[in-house]
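Given next are the chains, with one letter for each unit.
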Amino acid sequence: MRFKGGVLAALAATAMTFGTSAVQAKELFLYNWANYFPPDLIEKFESETGIDVTLDVYDSNETMLAKLQAGAAGYDIVFPSGYMVDVMREEDLAMKIDTAELPNFKNVQSPHDSPSYDPSREYSAPYMWGTTGLAYDTAKAPELDETWEEYFKPRDELKGKIAALNDQVEMYNAAARYLGIDVCTEDPAQAQKILDLLMAQKPHLALYSSTGTIDRMVAGEVVMHHMWNGAAHRAKEQRESITYIYPKEGLAFWSDNMVVPKDAPNPENAKTFINWMMDPQNAAVATNYTGYMNAIAGSGEYLDESLKSDPAVNMPKEYADRLRPSKECSTAARELRDKVWTTLKK
Amino acid sequence: MLAALRRSQLAQRTALLAPSLAIIGGFMVLPLILMAYVSILEKGTHGGVEWGTYSAEAYIKFLFERDLMGSLSVNADYLQIFLRSFVLSGVTVLLALAIGFPTALYIALQDDRWYRNLLVFMVTIPFWTNLLVRNYAWIILLRNNGLIDNAAAWLGLTQEPIDVLYTPFAIGVGLTYSFLPFMVLPIYASLEKLDLRLVEAAFDLGADRRRALARIVVPLALPGIIAGCILVFVPCLGAYVTPELLGGSKSLMIGNLIQNQFGAARNWPFGAALGFALLAIVLLAMMAYALRFRRAPGGGT
């Protein structure tokens, strides 16, 4: 491994920073998205700090929230998306950890040092960020325009060969953006338009699924997939002809964070971990594994070449104005969204 | 003396029953009460519930729809989802029975005890692997460019891709496969005890094979058949991995619907109410079934 040089330095730094305060058990319990944290990075952390790490996984922000609300205790760090950080703060589930005062916070790049959901980074630290767009196989389709139209009103040769994400938030928002409607609309007439679009699209879809997306594209089971950019990158590594598009009507831009739950058993170990993850070398290992960008300055030089050269991961500057940060909708808007989803699939 | 003995017997019986009562109470009755309680609470803004604030909204929502003016109209969406799950479970039961009964009969009729045990053992082998993994295996088998598709094309049986994955047919295959052992094992258990002399007597009295099967074997195996049907039907109702993976998730099942309420929709009371409605329907169906069939074995069919 080419990271070995920094191990001792990092170890010394960590020991100096936190050596005095650690009187807790040498344990750390992570609750993260599935397939979203490199196993060798856990081993590296364990060997450098002597803290034992246990990893549990979930498949959506809502699963994680429901578990914490149901009183699941014992997690030291969870990895919510931006809007979910808001919810956790409102629900009083997040612990104030003053990330901005950790030594490695100086590495955090703008705008991730001051996101709307936690402007002075008191409760959260950045992990990965990415986009949700469209991936398709250029070997099996003509060149497609950069628009959601290719997905919602597909050309004849793509009909029946398209996979959608089985995620009501992503699907509803993509449809709303295509139609130029606010994703948090409370107007039933607008929700009806979204439903009409989704209903018209349904017969042309092969399936809805948020799991196994990479394999499905690599095996050639479908030609187009509503997909996260990191997944598109990992699919491309196994099948050259896969490409990712940034639809011009706007696409979801999300960022996942590290948050310490209020009742975490080992908050100091959690802070050690968060500081350690804001180190450029460690953040780069995570990016090389997940295919998503981190928010740490200086990690670029440790990245795999294939990541740097893939526009799906290393977004060309001209697409920047197409990104739409995720936001938390009102109860009324959420109810409309759920009604649309249930009707779509009844 | 006798009274004291009886009292001590009573105490002994109570003591022996206590552990199982405690387990049923702690792990079944209490959670059910909690679920019923959550279903009549007001939902929290971000999921969860408002403890102590009561509302019947969850049950109203199951059957009715509130329009913008606040007036109610009947909404059959959720009933339709329930109906789909019931139909799918029913079809699975029939398929599993059609395959499972002959299988169980074949196993029960083997003379070689060792061979018979081997066959029973083989029925249980699928349980060694996780259900999710087995469903993924079906994806690899059934998909276009998959094993079956490629084999059929190679043999010249098909020119086009077979297109069976993500259809109701694939769901049927997956569910029947998943629950088949639950049908075979109870039927085998009751057939194994079958006294073959009764079948011989039927032949002696002039019955042909079909008549002997219908009048002797099936009635005697009925408890096993009923147990098998229930064991397949009930878990099938809650199955949602198979429809999601093999059916392409184009239509909601009860399981997906309930999961949505605790996830993206953040409506815990409604999720609890849906769970309760399902439980009530299943219990009523089972009771009707039990009452109807209680008379059957003794009734001189």
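What counts, and at which threshold
- Residues numbered from 1 in each chain as written.
- Chains lettered and ligands numbered in written order.
- Predicted model: local features only at pLDDT ≥ 70, side-chain atom pairs only at ≥ 80, totals over all residues.
- Core = buried A, V, L, I, M, F, W, Y, C linked by C-beta atoms within 7 Å.
- Buried ≥ 20, exposed ≤ 12 C-beta atoms within 10 Å, placed from the backbone.
- Helix = DSSP H or I, 4+ residues; strand = E, 2+ residues; numbered from the N terminus.
- Domains from an automatic or database assignment.
- Contact = placed C-beta atoms within 7 Å.
- Axes fitted to C-alpha atoms, helices over the stretch in contact; angles between N-to-C directions.
- Parallel < 35°, antiparallel > 145°, perpendicular 65-115°, else oblique.
- Left-handed = near helix turned anticlockwise from the far one by under 90°.
- Nonpolar A, V, L, I, M, F, W, Y, C, P; charged D, E, K, R; others polar.
- pLDDT = per-residue confidence, 0-100.
- UniProt positions renumbered as here; feature names shortened; annotations may be inferred.
- Expected span 1.5 Å × (residues − 1).
- Bend = angle between axes of the 7 residues up to and from the residue.
- Pairing = 2+ DSSP bridges.

### Observations regarding the nonpolar core
Right, on to step 1. By size, the foremost hydrophobic cluster in this structure holds 153 residues, and its most contacted members are Ala-135, Tyr-172 and Ala-232 of chain A together with Ile-187 and Val-232 of chain B.
Right, on to step 2. By residue number, the principal contributor to this core is helix H7 (residues 168-192) of chain B, which donates 12 residues.
Right, on to step 3. For this core, the domains that each give at least three residues are domain 1 (4-129 + 255-309) and domain 2 (130-253 + 315-345) of chain A.
Right, on to step 4. Not counting residues within four places of it along the chain, the set of residues in contact with Val-232 of chain B comprises Thr-92, Val-93, Ala-96, Phe-179, Phe-182 and Met-183 of chain B.

### A word on the packing of helix H5 (residues 131-142) of chain B against H7 of chain B
The description of two helices packed together rests on the angle between their axes and the distance between the axes.
Residue and element names in this part refer to chain B.
Right, on to step 1. Following both chains from N to C, one finds H5 and H7 inclined at 140°, their axes separated by 11 Å at the closest point. Here H5 lies oblique to H7, going by the angle between them. The two elements H5 and H7 cross, and the hand of that crossing is right-handed. Every residue of H7 that contacts H5 at Leu-131, Asn-135, Trp-138 and Leu-142 is listed here: Ala-170, Val-173, Gly-174 and Ser-178.

### Remarks on the interface of chain B and chain A
Right, on to step 1. Tallying the contact residues gives 23 residues for chain B and 28 residues for chain A.
Right, on to step 2. Of all the secondary structure elements, the ones that give two or more residues to the side of chain B that touches chain A are helix H3 (77-108) and helix H11 (254-262) of chain B.
Right, on to step 3. Considering every element that reaches the side of chain B that touches chain A, the biggest residue donor is H3 of chain B, with three residues.
Right, on to step 4. Here the side of chain B that touches chain A is built from residues that sort into seven nonpolar, 12 polar and four charged.

### A few points about the domain arrangement of chain A
A common measure of how large an interface is: the accessible area buried when the components associate.
All names here are of chain A.
Right, on to step 1. Here the domain parsing of chain A yields domain 1 (4-129 + 255-309) and domain 2 (130-253 + 315-345).
Right, on to step 2. Inter-centroid distance (C-alpha atoms) of domain 1 to domain 2 is 28 Å.
Right, on to step 3. At the junction of the two partners, domain 1 supplies 13 residues and domain 2 supplies 10 residues.
Right, on to step 4. Within the residue set of the side of domain 1 that touches domain 2, elements represented by two or more residues are helix H4 (82-90), strand E4 (124-137) and helix H12 (305-309).
Right, on to step 5. For the side of domain 1 that touches domain 2, the element with the highest residue contribution is H4, accounting for four residues.
Right, on to step 6. Residues belonging to the side of domain 1 that touches domain 2 are distributed by class as follows: seven nonpolar, five polar and one charged.

### Digging into the confidence of the model for chain A
Right, on to step 1. Considering every residue of chain A, the mean pLDDT works out to 89; 93% of them sit at 70 or more.
Right, on to step 2. The low-confidence segment residues 1-22 of chain A (pLDDT under 50) makes 17 contacts with residues lying over four places distant or belonging to another chain.

### Remarks on the packing of helix H8 (residues 196-204) of chain B against helix H9 (residues 209-238) of chain B
Residues and elements named next belong to chain B.
Right, on to step 1. Orientation of H8 relative to H9, taken along the N-to-C sense of each, is 145°, at an axis distance of 10 Å. Judged by the twist between their axes, the crossing of H8 over H9 is right-handed. Between H8, through Leu-198, Val-199, Ala-202 and Phe-203, and H9, the contact on the second element is made entirely by Ala-212, Arg-215, Ile-216 and Val-217.
Right, on to step 2. Here the residues of the contact of H8 with H9 are counted per class, giving seven nonpolar, no polar and one charged.

### Some remarks on the UniProt feature "binding site: spermidine" (unreviewed entry) in chain A
All names here are of chain A.
Right, on to step 1. The sites that carry the UniProt feature "binding site: spermidine" (unreviewed entry) are, in the present numbering, Tyr-83, Asp-167, Gln-168, Val-169 and Glu-170.
Right, on to step 2. By secondary structure assignment, the location of Val-169 is in helix H6 (residues 168-179).
Right, on to step 3. Here Val-169 falls in the buried class, since 23 other C-beta atoms lie within 10 Å of it.
Right, on to step 4. Here Glu-170 is to be found in helix H6.
Right, on to step 5. With residues up to four places along the chain from it excluded, the contact list for Glu-170 reads Thr-132, Leu-165, His-226 and Ala-252.

### As for unusual backbone geometry
Right, on to step 1. Between Ser-110 of chain A and Pro-111 of chain A the backbone carries a cis peptide bond, its omega angle lying at 5°.
Right, on to step 2. The residue Pro-111 of chain A is located in the loop between H4 and E4 in this model.
Right, on to step 3. Residue Arg-121 of chain A is not a glycine yet carries a positive backbone phi of 50°.
Right, on to step 4. With phi around 60°, Ser-249 of chain B is a residue other than glycine that occupies positive phi space.
Right, on to step 5. Here Ser-249 of chain B shows up in the loop between helix H10 (241-246) and H11.

### What about helix H3 (residues 61-69) of chain A?
Right, on to step 1. Of all nine residues that make up H3 of chain A, seven are buried, and the element is covered over most of its length.
Right, on to step 2. Burial in H3 of chain A covers these residues: Asn-61, Glu-62, Met-64, Leu-65, Ala-66, Leu-68 and Gln-69 of chain A.
Right, on to step 3. Looking at the packing, one finds that the buried side of H3 of chain A touches strand E1 (27-33), strand E2 (52-58), strand E3 (77-78) and H4 of chain A together with H11 of chain B.
Right, on to step 4. Residue Gly-71 of chain A follows H3 of chain A closely and has a positive phi angle near 100°.

### With respect to H3 of chain B
Right, on to step 1. With 32 residues, H3 of chain B extends 45 Å from end C-alpha to end C-alpha; this agrees with the ideal 46 Å at 1.5 Å per step.
Right, on to step 2. Within H3 of chain B, the axis deviates most sharply at Leu-97 of chain B, by approximately 25°.

### Quick word on the UniProt feature "transmembrane region" (unreviewed entry) in chain B
Right, on to step 1. Per the UniProt annotation, the sites labelled "transmembrane region" (unreviewed entry) are residues 21-40, 81-106, 118-141, 169-191, 212-241 and 270-291 of chain B.
Right, on to step 2. Its end C-alpha atoms 38 Å apart, residues 81-106 of chain B is made of 100% helix and 0% strand.

### Description of the UniProt feature "domain: ABC transmembrane type-1" (unreviewed entry) in chain B
Right, on to step 1. What UniProt calls "domain: ABC transmembrane type-1" (unreviewed entry) maps, in this numbering, to residues 82-289 of chain B.
Right, on to step 2. Note that residues 82-289 of chain B is 77% helix and 0% strand, and that its end C-alpha atoms are spaced 19 Å apart.

### Examining the environment of Ala-152 of chain B
All names here are of chain B.
Right, on to step 1. Within the element layout of this structure, Ala-152 appears in helix H6 (residues 147-154).
Right, on to step 2. The exposure class of Ala-152 is partly exposed, given the 14 C-beta atoms found within 10 Å.
Right, on to step 3. Residues Ala-152 and Ile-162, 10 residues apart in the sequence, show an inter-C-alpha distance of 8.6 Å.

### A look at the pairing of strand E7 (residues 224-228) of chain A
All names here are of chain A.
Right, on to step 1. A large share of E7 lies buried, amounting to five of its five residues.
Right, on to step 2. Neither face of E7 is left uncovered, since the one carrying Met-224, His-226 and Trp-228 and the one carrying His-225 and Met-227 both have all their residues buried.
Right, on to step 3. Relative to E7, E4 runs antiparallel, the two being bridged by five bridges. Residue Ala-135 lies in a different strand from E7, and its bridge partner there is His-225.
Right, on to step 4. Bridge count for strand E5 (residues 162-164) against E7 is two bridges, and the pairing is parallel. Within E7, the residue paired with Ile-162 across the bridge is Met-224.

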